[in-house]
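The primary structure of each chain is shown beneath.
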Amino acid sequence: MMELPHGKSLILFDGYCHLCNRIVQFILKFDRKKMFLFAPLESDVGLFWKGKRQIPESVDSIILIEENCFLIKSDAALKIMKQLGGFFPVFLIFRLIPVRWRDWLYDLIARNRFRWFGRRESCMIPT
């Protein structure tokens with residue numbers, strides 16, 4: 001996957017995280033326009049795009065890759081909600097909260113995700 005197909009966004013996620021996998025399943029369910037592609041951060045595709053966009057290795061959050069940019073953490077989550085359409089853009093109200101605070105909450109959940117939600121034995125690859 002050298003270039004994203006026109007109009008598509010790529011979501012990189014932790015393929016070993018139960019919470020992340022549930023979120024991917026949620027997005028798949030409501031992605032009526034089929035605009036999202038998915039790849040685990042740990043996969044060849046994930047590593048390729050992290051390198052191509054010069055995303056530091058330390059970034060292990062959800063990453064939304066678009067044609068010319070990428071978003072991480074709460075910015076990525078809110079952009080995904082916006083793109084899903086329907087009722088979900090109501091969550092954009094959280095943009096009123098400073099990104100520093102939103103990302104603090106995101107990081108709190110991310111740090112505890114394996115303890116709270118569990119860890120998969122193998123990396124999930126969505127179809």
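Residues numbered from 1 in each chain as written. Predicted model: local features only at pLDDT ≥ 70, side-chain atom pairs only at ≥ 80, totals over all residues. Heavy atoms only, no water.

Draft legend 1. Quick look at the confidence of the model for the protein. In this model, the protein carries a mean pLDDT of 85, and residues with pLDDT of at least 70 account for 90%. The secondary structure element of the protein with the lowest average pLDDT is helix α4 (residues 99-117), at 84, and the one with the highest is strand β3 (residues 63-65), at 95. (pLDDT = per-residue confidence, 0-100. Helix = DSSP H or I, 4+ residues; strand = E, 2+ residues; numbered from the N terminus.)

Draft legend 2. Quick peek at the pairing of strand β2 (residues 36-40). Counting buried residues along β2, four of its five residues qualify, which places the element largely inside the surrounding structure. As paired elements, strand β1 (residues 9-13) and β2 share five bridges and run parallel to each other. Residue Leu-10 lies in a different strand from β2, and its bridge partner there is Leu-37. For the crossover from β1 across helix α1 (residues 18-30) to β2, the handedness is right-handed. (Buried < 20%, exposed > 50% of the residue type's maximum accessible area, 1.4 Å probe, protein only. Pairing = 2+ DSSP bridges. Right-handed = clockwise from strand over helix to strand, strands pointing away.)

Draft legend 3. Highlighting helix α3 (residues 73-84). With 12 residues, α3 ought to run about 16 Å at 1.5 Å a step, and its terminal C-alpha atoms sit 17 Å apart, in line with that. Residues of α3 that are buried include every one of Ser-74, Ala-76, Leu-78, Ile-80, Met-81, Gln-83 and Leu-84, and no others. Directly after α3, the chain includes Gly-85, whose backbone phi takes a positive value near 75°. (Expected span 1.5 Å × (residues − 1).)

Draft legend 4. Molecular detail of the layout of surface pockets. Of the volumes computed, that of the largest pocket is approximately 820 Å³. Elements represented by at least two residues in the lining of the largest pocket include exactly β1, α1, α3 and α4. With seven residues, α4 is the single largest residue contributor to the lining of the largest pocket. Taken together, the residues of the lining of the largest pocket sort by class into 23 nonpolar, two polar and four charged. (1 Å grid on protein atoms, 1.4 Å probe; cavity = no way out; pocket = protein on both sides within 12 Å on 5 of 7 lines; lining within 4 Å. Points joined across faces, edges and corners; volume = space filled by probe spheres on them. Nonpolar A, V, L, I, M, F, W, Y, C, P; charged D, E, K, R; others polar.)

Draft legend 5. Spatial organisation of a nonpolar patch on the surface. Taken together, the side chains of Phe-87, Val-90, Phe-91, Ile-93, Phe-94, Leu-96, Ile-97 and Trp-101 make up a nonpolar region of the molecular surface, amounting to roughly 860 Å² of accessible area. Under the relative-accessibility criterion, Phe-94 is labelled partly exposed at 39%. (Patch = residues over 30% accessible without salt bridge, like charges linked within 9 Å, V, L, I, M, F, W, Y side chains within 5 Å. Areas by Shrake-Rupley, 256 points an atom, 1.4 Å probe, with all protein chains shown as cover. Salt bridge = Lys/Arg side-chain N within 4 Å of Asp/Glu carboxyl O.)

Draft legend 6. Focus on the side chain of Arg-53. Following the sequence through the fold, Arg-53 ends up in the loop between α2 (44-52) and β3. Of note is the side chain of Arg-53, whose polar atom sits 2.7 Å from the backbone oxygen of Glu-67. Ignoring sequence-local partners within four residues, the contact set of Arg-53 consists of Ile-65, Glu-66, Glu-67, Asn-68, Cys-69 and Phe-70. (Polar contact = N/O pair within 3.5 Å; in protein donor to acceptor, adjacent residues only side chain to side chain. Contact = heavy atoms within 4.5 Å.)

Draft legend 7. Looking closely at the environment of Asp-75. Within the secondary structure, Asp-75 is located in helix α3. A relative accessible area of 30% means that Asp-75 is categorised as partly exposed. Sequence separation between Asp-75 and Phe-94 is 19 residues, and the spatial gap between their C-alpha atoms is 9.9 Å. Separated by 2.4 Å, the side chains of Asp-75 and Arg-102 make a polar contact.

Draft legend 8. Highlighting the pattern of salt bridges. With the rule as written, the count across this model stands at four salt bridges. The closest approach of N and O atoms between Glu-66 and Lys-79, which form a salt bridge, is 3.1 Å. One end of the pair, Glu-66, is in the loop between β3 and β4 (70-72); the other, Lys-79, is in helix α3, and 13 residues separate them in sequence. The class of Glu-66 is buried, set by a relative accessible area of 10%. Between Asp-75 and Arg-102 there is a salt bridge whose closest N-O contact spans 2.4 Å. Taken together, the residues span a long stretch of sequence, with Asp-75 in helix α3 and Arg-102 in helix α4 at a distance of 27 residues. With relative accessibility at 10%, the residue Arg-102 sits in the buried group.

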